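Overview (structure and organization)
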Amino acid sequence: MTAGLVGETALITGSGHGIDAAIATGLAHAGVDVILLAPTADQLDETTNAIRASASSVEVRFVTTHLTNDDQRTTAISYLLPGGPVDVPIKNAAAVEHLGAHARISPAQLRQAFENDLMGAGRGVRRALAEAVRKAVRTGHLPPGTRLPSSRRLAADLGLARNTVADAYTDLVAEGWLTARRGSGTLVADRMNTRPISARLTAEPSGDLCHDLIPGNPDLTTFPRAAWLKATRRALAAAPADALGYGDPRGRPELRAALADHLARARSVYVSPDHILICAGVSHGLQILSGVLAGRGARNVAVESYGLDKYCALLAAVGLQTLPLPFDTHGTDPLPPVGTDAVLLTPAHQFPVGTALPRDRRTAVVDWARRTGGLVLEDDYAGEFRFGRQSVGALQGLDPDHVIYLGSASKTLAPGLRLAWMALPPALAEEAAAAKGQIDSCEVLSQLTMAEFITSGAYDRHVRAARRRYRDRRDALVTALAQHAPKVRVIGTPAGLHTVLALPPGTEQRVLQAATRQGLQVAGLSRYRHERSLDALSDALVVGYGVPSDAAWPQALSALVRILS
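Thresholds applied
Each chain has its residues counted from 1, running along the sequence as written. It should be noted that, the model being predicted, local features are given only for residues of pLDDT at least 70 and side-chain atom pairs only at 80 or more, the latter also being counted only at that level, while totals for whole chains, interfaces and linings use all residues. With hydrogens and water set aside, each side-chain value is computed from the structure's full complement of heavy atoms. A run of H or I in DSSP becomes a helix once it reaches four residues, and a run of E becomes a strand once it reaches two; helices and strands are each numbered from the N terminus. Residue burial is assigned from relative accessible area. The probe radius is 1.4 Å, only protein chains are included, and a residue is buried under 20% of its type maximum, exposed over 50%, and partly exposed in between. Should any heavy atoms of two residues lie within 4.5 Å, those residues are considered in contact. We get accessible surface area from the Shrake-Rupley algorithm with a probe of 1.4 Å; when it comes to residues, only the shown protein chains can shield them. We treat two strands as partners when DSSP finds at least two bridges between them. Working convention: axes come from line fits to C-alpha atoms, limited for helices to the stretch in contact. Angles between N-to-C directions cover 0 to 180 degrees. Crossings are classed by handedness, with left-handed meaning an anticlockwise turn of the near helix from the far one by less than a right angle and right-handed meaning a clockwise turn. When residues are sorted by character, Ala, Val, Leu, Ile, Met, Phe, Trp, Tyr, Cys and Pro go into the nonpolar class, Asp, Glu, Lys and Arg into the charged class, and all the rest, Gly among them, into the polar class. Here a crossover is taken to be right-handed if, once the strands point away from the viewer, the path from the first strand over the helix to the second is traced clockwise. Note on angle classes: values under 35 degrees are labelled roughly parallel, values over 145 roughly antiparallel, values of 65 to 115 roughly perpendicular, and the remainder oblique. In this context, the arc is that of the directions from the helix axis out to the C-beta atoms. We call a pair of cysteine sulfur atoms a disulfide whenever their separation is within 2.5 Å. What is meant by a nonpolar core is a set of buried Ala, Val, Leu, Ile, Met, Phe, Trp, Tyr and Cys residues, joined one to another through side-chain atoms within 4.5 Å. Think of a 1 Å grid over just the protein atoms. A cavity is a set of points where a 1.4 Å probe fits yet cannot get out, a pocket is an open set with protein on both sides within 12 Å along at least five of seven lines, and lining residues have an atom within 4 Å of a point. Grid points are joined across faces, edges and corners, and a volume is the space filled by probe spheres set on the points.

Quick look at the overall build of the chain now. Each helix and strand counted, the chain has 17 helices and 25 strands in total. Of all 565 residues assigned to the chain, the portion counted as buried reaches 52%. Nonlocal contacts in the chain, meaning residues at least 24 apart in sequence, comprise 72% of its contacts between residues at least 6 apart. For the chain, the accessible area works out to roughly 25,200 Å², and carbon and sulfur atoms hold 51% of it.

The next point concerns the pairing of strand β19 (residues 403-408). Of all the six residues making up β19, six are buried; the element is thus mostly covered by neighbouring parts of the structure. Relative to strand β20 (residues 420-423), β19 runs antiparallel, the two sharing four bridges. Within β20, the position partnered with Tyr-405 by the bridge is Ala-423.

What follows is about the sheet that holds β20. Read from one edge to the other, the open sheet built from seven strands follows the order β12-β20-β19-β18-β17-β13-β14, with strand pairing classed as mixed. Each end of this open sheet is capped by a strand with a single partner; those strands are β12 (276-279) and β14 (321-324). Strand-to-strand twist in this sheet, taken as the mean axis angle between neighbours without regard to direction, amounts to 20°. As paired elements, strand β13 (residues 300-303) and strand β17 (residues 342-345) share two bridges and run parallel to each other. Residue Ala-302 lies in a different strand from β17, and its bridge partner there is Val-343. Contacts from helix α13 (residues 426-436) reach β12, β18 (375-379) and β19 within the one sheet, and its direction differs from that of β12 by about 20°.

Moving on to the packing of helix α15 (residues 458-484) against helix α17 (residues 553-564). For the pair α15 and α17, the least separation of the axes is 10 Å and the interaxial angle reads 30°. Our pair here, α15 against α17, has a crossing hand that is right-handed. Between α15, through Arg-473, Ala-476, Leu-477, Ala-480, Leu-481 and His-484, and α17, the contact on the second element is made entirely by Trp-553, Leu-557, Leu-560, Val-561 and Leu-564. Residues belonging to the contact of α15 with α17 are distributed by class as follows: nine nonpolar, one polar and one charged.

Before going further, it helps to examine the pairing of β13. The alternating pattern of β13 places Asn-300 and Ala-302 on one face and Val-301 and Val-303 on the opposite face, and all of these are buried. Bridge count between β13 and β14: four bridges; the pairing is parallel. Residue Val-303 lies in a different strand from β14, and its bridge partner there is Pro-324. One crossover worth recording links β13 to the parallel β14 by way of helix α11 (residues 309-316), and it is right-handed.

Moving on, we get to the packing of helix α10 (residues 282-295) against α11. One can describe the packing of α10 onto α11 by two numbers: an axis separation of 9 Å at closest approach and a directional angle of 25°. Judged on the interaxial angle alone, α11 and α10 are roughly parallel. Where α10 crosses over α11, the two elements pack in a sense that is right-handed. Here Val-282, Ser-283, Leu-286, Gln-287 and Ser-290 of α10 come into contact with α11, specifically with Lys-310, Tyr-311, Leu-314 and Leu-315. Considering only residue class, the contact of α10 with α11 consists of five nonpolar, three polar and one charged.

All of the buried residues in helix α16 (residues 508-517) are Glu-508, Val-511, Leu-512, Ala-514 and Ala-515. On an axial view of α16, the arc spanned by its buried residues comes to 160°, and they lie on one face. Summarising the geometry of α16, the exposed residues directed more than 90 degrees from the buried face are Arg-510, Thr-516 and Arg-517. Residues of α16 that are buried sit in contact with β23 (520-521), β24 (523-524), β25 (540-544) and α17. With its phi angle positive at about 80°, Gly-519 sits one or two positions after the end of α16.

This brings us to the state of the cysteines. All told, the structure shown has zero disulfides when counted by the stated rule. Cys-442 takes part in no disulfide bond, and the closest cysteine sulfur to it belongs to Cys-279, at a distance of 6.4 Å.

A word on the nonpolar core. Among the nonpolar cores identified, the biggest contains 59 residues, and Leu-413, Trp-421, Met-450, Leu-541, Leu-560 and Leu-564 are the most heavily contacted of them. If you look at the next biggest cluster of nonpolar residues, it comprises 27 residues, including Leu-289, Ala-342, Leu-375 and Ala-420.

Glancing now at the layout of surface pockets. In this model, the second largest pocket occupies a volume close to 660 Å³. Residue lining of the second largest pocket: 37 residues in total, with Gly-216, Tyr-311, Tyr-381, Ser-410 and Lys-411 positioned closest to the centre. Of all the secondary-structure elements, those providing two or more residues to the lining of the second largest pocket are α9 (253-267), α10, α11 and β19. The residue makeup of the lining of the second largest pocket, split by class, is 17 nonpolar, eleven polar and nine charged.

Put into structure tokens, the structure is as follows:
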């Protein structure tokens, strides 16, 4: 089989086996006009049926051609490409012999034209190839365990550069669609079953089945081990000898520089590398800040009515009192009462309710900080996992002198890395570094690897793949509920690793008990309510869809739908 682009049209010569249908369907989904060629109609039947069965909305034109004795393929170009042969942008124009409305092109000449055009197509072809494989896996045409051709062989068959195919394979491995092991080749991963969920709802869980739907953790099975190992080798090879010493308490300069660039680009956080402090998690960062605030004479910190109680415990441990903020239909009202020294918020994706802080309230809390000299502690919870629209920039960008930004790799990569960071106002940077200690207490090799992971672009690629994966899971959850539990309402912005499901009044505890019987670990919204909050939201479940692997997610979703139906 060969394939290539002539202008904006993809021509595929296929034998009607598996991958031709997958490639054709993926290219069509990517917006490329696709024409499938074969010497006889019989050879197109299998591919035609496969494409139409899996993607009835995709337009792929099927054309039979005549293969002459001298191995020249005669095609009716006027039927294939708009405008006829005169407008066909084949770079080897001299190879086309015009015969009225027809042209005669040898296979070798056609492949050469394909290769020339594909060189200019760049990442568009890579994306189209990756989408073709995704579609084939989703529809079951490439079942789990299927061994794919090597990148060299597939590149030769498709007339693509080997790096294009290899990069597409790498993306698909990072996303969990494929697995690649030395000596075993590239295989289709054991992902979620492609049968409709309704066909699985009647299945009962096994006695020891347990699905973790507690919010706050990512899918650790998709950690990019191979890419991380490569980054570790490169970072360690380039590291100066003094990198293995006790180090600057602020953290390695390589990581702080990489983060300053990444945060400005991805989250609109503007900070000098000198004012970034590396810490071992957001909780560690809050512990450091609690000591700084208490040392400055602070007494009260306003917090969200619903949130993590461990954060309140960290503040209380140094004598700071937490004051719950009001909560209404627009989310948290961030303007604190008189006497408040700082405000702790999750504005990008409020944990756990899932709302984004509206623009007017973002401006209002920053104005409060300027007016009073207070500080805003911004936990950028799930800030890089927004699905419905472009990510909202961080609060810190509105006023770097009054907003402390806290981020981490715990959701994007893995909490076990113990990598987090604070972007600090210049006036606080030295105090925070002193509060952390005289030496760098965060593991150095992970810092160096993270710096390499960011600067090489691997971190961005991984986040994009993870965003697609979690978006697909949330979409599957919303679709399943609409079909089987239409009375359950989904609350919150499409983002992050969890969502909130509103329940009928008085049913939260009963649903939690039913979840336990179904082998589900899931949280009720009341679990996260501040003990002094005057605002009580209706009964709801907080469902995390980050932890289950792709293979386990359909079973967990089926069990969840059963208890809500």
